[in-house]
Amino acid sequence: MNQIQWVKYTVLSLTMLALSSCAAAPQSGPEPSPSATASSSPSVVTLQEIAYGKSFGFCVGYCEHHLSITAERMRLEHTSRDPKAYPEKVIEKPTPAETWQKLNRLASLKTLQELPERVGCPDCADGGAEWIELQQDEISKRVTFEPPAGLPQQAELLEELRKLYGELDPAE
């Protein structure tokens, strides 16, 4: 083990030890409610971009995955820390109007803004992390969370984004 690997291992070990209480601590935050999605409000505000991603801190290969969706297109990018061995992969398709409308009905920028930037212990013990980001005008909010726990406040949106991710890249 070289010195850089040892330092990374030590930092990871200390971080895991310090954050070990994250998994046991009850999560606070707003409970899902009927007003948690934009569909329950009389007027749905259209977002400019809806994004979803996942990443893994200690990983070989494609470790960062970013799906961005606008009214015009869906773009899925897979990137690596070693672009020579794993060049960036990009998949783009037009966004069907009904898909964009459905995502806007499910997404709630207000609900996301009420949450902290990190929920739980994303990527603790190399469990990976997922995130959702919504953008409207100059306002953007991103929340990162643990993959198995998900994000109950935007569960339907997360389910739809995961589904679109799988449809765009069935090999993943």
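So, here's what we can say about the structure. (Residues numbered from 1 in each chain as written. Predicted model: local features only at pLDDT ≥ 70, side-chain atom pairs only at ≥ 80, totals over all residues. Heavy atoms only, no water.)

## Side note on the environment of leucine 109
Thought 1: Within the secondary structure, leucine 109 is located in helix α3 (residues 109-113).
Thought 2: Residue leucine 109 is classed as buried on the basis of its relative accessible area, which comes to 9%.
Thought 3: It is 9.5 Å that separates the C-alpha atoms of leucine 109 and arginine 142, two residues lying 33 residues apart in sequence.
Thought 4: Leave out the neighbours within four places in its chain, and leucine 109 touches Leu47, Leu134, Gln136, Ile139 and Lys141. (Helix = DSSP H or I, 4+ residues; strand = E, 2+ residues; numbered from the N terminus. Buried < 20%, exposed > 50% of the residue type's maximum accessible area, 1.4 Å probe, protein only. Contact = heavy atoms within 4.5 Å.)

## Section: the state of the cysteines
Covalent bonding between the sulfur atoms of two cysteines defines a disulfide.
Thought 1: According to the stated counting rule, one finds 1 disulfide in the structure shown.
Thought 2: A sulfur-sulfur distance of 2.1 Å marks the disulfide that ties cysteine 59 to cysteine 63. Taking the torsion about the S-S bond as the criterion, the cysteine 59 to cysteine 63 disulfide, at about -95 degrees, is left-handed.
Thought 3: Sulfur of cysteine 124: no disulfide; nearest cysteine sulfur belongs to cysteine 121 and is 3.3 Å away. (Disulfide = S-S within 2.5 Å.)

## Concerning the pairing of strand β3 (residues 73-80)
Looking along a regular strand, one sees the side chains alternate between the two faces of the sheet.
Thought 1: With 7 bridges connecting them, strand β2 (residues 62-69) and β3 associate as antiparallel partners. Counterpart to isoleucine 69 in the pairing with β3 is methionine 74.
Thought 2: Between β2 and β3, which pair antiparallel and follow one another directly, the connecting turn spans 3 residues.
Thought 3: Relative to strand β4 (residues 89-94), β3 runs antiparallel, the two being bridged by 6 bridges. From the neighbouring strand, methionine 74 faces β4, where its bridge partner is lysine 93. (Pairing = 2+ DSSP bridges.)

Just geometry here; none of it tells us what the structure is for.
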